[in-house]
Amino acid sequence: GIRQAAALLRQGRLVAFPTETVYGLGAIAFDALAVARIFEAKRRPSFDPVIVHVADDAMLARVVRELPPLARRLIDHFWPGPLTLVLERTDDVPRIVTAGLDSVGVRMPSHPVARALLREVSAPVAAPSANAFGSLSPTRAEHVVRSLGSRVDCVLDAGPTPLGVESTILQVLPHPVLLRPGALPLEEIEAVVGPVERASRNDDEAPRSPGRLEHHYAPQTPLRITHGDRVPLAERSGAGYLAFERGVEGYAAVRVLAPDGDMSRAAARLFECLHELDTGSLSRIDAEPVVESGLGLAIMDRLRRAAAR
């Protein structure tokens, strides 16, 4: 399957594949026409850059012009893994990948299938999440098929993704700035490089990275953030509830992220539970807020953007 997927990528086709975060929709990063097909398949606006995935330092050197010492330190600590670094691109990276910017987001995934695919194709792969733009991120192959259908040429199915939320995105120069919280907690990054500035939620006219639009990661069903036990009983009928540790009575459907209170489990199940609630039969989804530390920062970022509509 990996050999067939690599052959399709070399033909300029689109392949969905698992990473440790979510499923990505890939094309060879240096093939501008193939990358344009990603934007077309996802109905993604051209001003939103996509992340490039690499397997090793040799691929990284083809994508990034210079590797500052701070970036090298982060790579040594966290790659392969769910950290995307925004660095200066080489001239080989088409501007459609970076939405016209001189910087590019790049990461080295740790998922064995993603790594095998990158090695087989022997080229960096540009890959945003494998879903229609702005909708719930895919953590299973069936989510990809449901969202994109025949617009994707191949799906490598490796079951559910282990981390369940997208990578953390960090701008490196001129100083570290958190552009998107994600599966690598900010506290772990700061333990290595010191204090990291947090970009405001929407401070870019042209986004410097994916996941920075106000409305994103959203189910079709309207979502709001609230504690279910504070919602009048009459308002719970016909609605769904996304709980952190314990459900609330009176809702038509309830999904609990982590009965044991484990934030890693909650992050891994976030999109899967939202997919299950977003069936079209519910009038609304009420989502319980979580503490904004560790992975809770990424969970609340996704919920706020999903609720922005």
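In the block above lies the structure referred to throughout.
As the structure is a prediction and not an experimental result, all values here were calculated from the model.

A.B. asks: Even after reading the chapter, I still don't get the sheet that holds strand β14 (residues 285-287), so can you show me in this structure?
C.D. replies: Each strand in a sheet pairs with its neighbour through backbone hydrogen bonds, running either in the same direction (parallel) or in the opposite one (antiparallel). One open sheet holds the four strands; their spatial order is β11-β14-β12-β13, and the pairing between them is parallel. For this open sheet the edge positions go to β11 (223-225) and β13 (253-256), each flanked by a neighbour on one side alone. The sheet shows a mean angle of 20° between the axes of neighbouring strands, direction not considered. Contacts from helix α11 (residues 296-307) reach β11, β12 (240-243) and β14 within the one sheet, and its direction differs from that of β11 by about 130°.

A.B. asks: I would appreciate a short explanation of the pairing of strand β1 (residues 15-18) in the present structure.
C.D. replies: If a strand is regular, its side chains alternate between the two faces of the sheet. Burial of the side chains of β1 extends over both faces: Val15 and Phe17 are buried on one face and Ala16 and Pro18 on the other. Sheet topology places β1 next to strand β2 (residues 23-28); four bridges connect them, and they run antiparallel. Looking at the pairing, proline 18 lines up with tyrosine 23 of β2. Looking at chain direction, β1 and strand β7 (residues 154-155) are connected through two bridges and run parallel. Bridge pairing links valine 15 to cysteine 154 in β7.

A.B. asks: What should I look at first to understand the side chain of threonine 221 in this one?
C.D. replies: Relative to the helices and strands, threonine 221 is located in the loop between β10 (197-198) and β11. Reaching out from threonine 221, the side chain makes a polar contact with the side chain of aspartate 278 at a distance of 2.7 Å. Setting aside residues no more than four positions away along its own chain, threonine 221 makes contact with Leu277, Asp278, Gly280, Leu282, Ser283, Arg284, Ile285 and Arg309.

A.B. asks: Could you clarify how one ought to interpret the pattern of salt bridges in this entry?
C.D. replies: Opposite charge on two side chains allows them to pair when their charged atoms are near. Summed over the entire model, instances satisfying the criterion amount to 18 salt bridges. The salt bridge partner of arginine 13 is aspartate 153, with a shortest N-O separation of 3.4 Å. Placement of the pair is arginine 13 in the loop between α1 (2-10) and β1 and aspartate 153 in the loop between α7 (141-148) and β7, with a sequence separation of 140 residues. Residues aspartate 76 and arginine 72 are paired through a salt bridge, measuring 3.2 Å at the closest nitrogen-oxygen approach.

Rules and cut-offs
Residues numbered from 1 in each chain as written. Predicted model: local features only at pLDDT ≥ 70, side-chain atom pairs only at ≥ 80, totals over all residues. Heavy atoms only, no water. Pairing = 2+ DSSP bridges. Helix = DSSP H or I, 4+ residues; strand = E, 2+ residues; numbered from the N terminus. Axes fitted to C-alpha atoms, helices over the stretch in contact; angles between N-to-C directions. Contact = heavy atoms within 4.5 Å. Buried < 20%, exposed > 50% of the residue type's maximum accessible area, 1.4 Å probe, protein only. Polar contact = N/O pair within 3.5 Å; in protein donor to acceptor, adjacent residues only side chain to side chain. Salt bridge = Lys/Arg side-chain N within 4 Å of Asp/Glu carboxyl O.

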